[in-house]
Amino acid sequence: MNKLLICGGLLALACGVAQAAPSTYYGVRLSVDTPLDFGVGVQATYDAERYALRAGVDVRSLVGYTLGFGADASVLFPLVGTPNTASRVQAGAGLGLERHNGILTVVRPHLLINGEVRVARSVTAFAEGSLGYTFLLPGEGEGLNLFSPGLRVGLNFR
């Protein structure tokens, strides 16, 4: 009987840990980081409920004529909701890096707020607003630094 109780207790503990375990999911996104800089990309998110770490890559276009690529990393903290609720709001910070035509490098640290809504059992739609400072690395067009609002929308697949 003791063995049965111990096994039952271990099974209950394992089920509880499995439900609270971090999850990793992937998504697609469209982004605009000033009226001049837009991109299409993919992202991966490691979500531990108390925080989420996200990394993404994009194909970027600056002013509609330069083609480049970008990468970013963000950390998000929940304000309302959890990954298991129908909707949630998160806030955080991130850093983006872009390279255009092999000659222009753009760096963008930013603060962000993210809202997501479950649209299907394993799909959520998200919208994210950010405010950052865009600057060019030294020697690549100094003096064009500016505050830059950003908008990102997309789908996450869990």
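This structure is a prediction, so every number in the text was calculated from the model and none was measured.

## A word on the overall build of the chain
Right, on to step 1. For the chain, the count of helices and strands is one helix and eight strands.
Right, on to step 2. From first element to last, N terminus to C terminus, the chain shows the α and β order α-β-β-β-β-β-β-β-β.
Right, on to step 3. Of all 158 residues assigned to the chain, the portion counted as buried reaches 35%.
Right, on to step 4. A fraction of 48% describes how many contacts in the chain between residues 6 or more apart in sequence connect residues 24 or more apart.
Right, on to step 5. Total accessible area computed for the chain in this model is approximately 9100 Å², and 73% of it derives from carbon and sulfur atoms.

## Quick word on the side chain of Ser61
Right, on to step 1. Its location among the elements puts Ser61 in strand 3 (residues 52-62).
Right, on to step 2. The exposure class of Ser61 is buried, given its relative accessible area of 11%.
Right, on to step 3. Sequence-distant contacts of Ser61, that is, excluding residues within four places in its chain, are made with Leu36, Asp37, Phe38, Thr66 and His100.

## Quick look at a nonpolar patch on the surface
Right, on to step 1. Taken together, the side chains of Val28, Val42, Val57, Val117, Val119, Leu155 and Phe157 make up a nonpolar region of the molecular surface, amounting to roughly 560 Å² of accessible area.
Right, on to step 2. Where the nonpolar patch is concerned, the elements lending two or more residues are strand 6 (104-120) and strand 8 (146-157).
Right, on to step 3. Relative to the elements of secondary structure, Val42 occurs in strand 2 (residues 37-47).

## Side note on the pattern of salt bridges
Right, on to step 1. Within this structure, the stated rule accounts for 13 salt bridges.
Right, on to step 2. Here Arg88 makes a salt bridge to Glu116, at a shortest N to O gap of 3.0 Å. Highlighted residues: Arg88 in strand 5 (residues 87-100) and Glu116 in strand 6, separated in sequence by 28 residues.
Right, on to step 3. On the basis of relative accessible area, Glu116 is assigned to the buried category, the value being 5%.
Right, on to step 4. Residues joined in a network through salt bridges with shared partners are Arg29, Asp33, Asp37, Arg54, Asp58, Arg60, Asp72, Glu98, Arg108, Glu128 and Arg152.

## Regarding the pairing of strand 4 (residues 66-80)
Right, on to step 1. Where strand 3 and strand 4 come together, eleven bridges link them in antiparallel fashion. Within strand 4, the residue paired with Ala52 across the bridge is Leu76.
Right, on to step 2. The pairing of strand 4 with strand 5 spans twelve bridges and is antiparallel. From the neighbouring strand, Ala73 faces strand 5, where its bridge partner is Leu95.
Right, on to step 3. Between the end of strand 4 and the start of strand 5, which pair antiparallel, lie six residues, with Gly81 showing a positive phi angle near 85°.

## Side note on the environment of Ser122
Right, on to step 1. Note that Ser122 resides in the loop between strand 6 and strand 7 (123-136).
Right, on to step 2. Residue class for Ser122 comes out partly exposed when judged on its relative accessible area of 33%.
Right, on to step 3. Between the C-alpha atoms of Ser122 and Phe157, which are 35 residues apart in sequence, the distance is 5.8 Å.
Right, on to step 4. Excluding residues that lie within four positions of it along the chain, Ser122 makes contacts with Asn156, Phe157 and Arg158.

## Structural notes on unusual backbone geometry
Right, on to step 1. Although it is not a glycine, Glu49 adopts a positive phi angle of roughly 70°.
Right, on to step 2. One can find Glu49 in the loop between strand 2 and strand 3.

## Here we look at the packing of aromatic side chains
Right, on to step 1. Scanning all chains against the criterion turns up two aromatic pairs.
Right, on to step 2. When the centroid spacing of 6.3 Å and the interplanar angle of 35° are considered together, the rings of Tyr133 and Phe135 count as tilted.
Right, on to step 3. The interplanar angle of 75° and the centroid separation of 5.1 Å between the aromatic rings of Tyr133 and Phe147 together place this pair among those described as edge-to-face. Residue Tyr133 is found in strand 7, and its partner Phe147 is found in strand 8; the two are separated by 14 residues along the sequence.
Right, on to step 4. On the basis of relative accessibility, which here comes to 32%, the residue Tyr133 falls in the partly exposed class.
Right, on to step 5. Pairwise contacts between aromatic rings join Tyr133, Phe135 and Phe147 into one cluster.
Right, on to step 6. The positively charged end of Arg158 is found above the aromatic ring belonging to Tyr25, 4.0 Å away from the centroid.

Here is what the cut-offs are and how they apply
Residues numbered from 1 in each chain as written. Predicted model: local features only at pLDDT ≥ 70, side-chain atom pairs only at ≥ 80, totals over all residues. Heavy atoms only, no water. Helix = DSSP H or I, 4+ residues; strand = E, 2+ residues; numbered from the N terminus. Buried < 20%, exposed > 50% of the residue type's maximum accessible area, 1.4 Å probe, protein only. Contact = heavy atoms within 4.5 Å. Areas by Shrake-Rupley, 256 points an atom, 1.4 Å probe, with all protein chains shown as cover. Patch = residues over 30% accessible without salt bridge, like charges linked within 9 Å, V, L, I, M, F, W, Y side chains within 5 Å. Salt bridge = Lys/Arg side-chain N within 4 Å of Asp/Glu carboxyl O. Pairing = 2+ DSSP bridges. Phe/Tyr/Trp six-rings, centres within 6.5 Å; stacked < 30°, edge-to-face > 60°. Lys NZ or Arg CZ within 6 Å of the ring centre and 35° of its normal.

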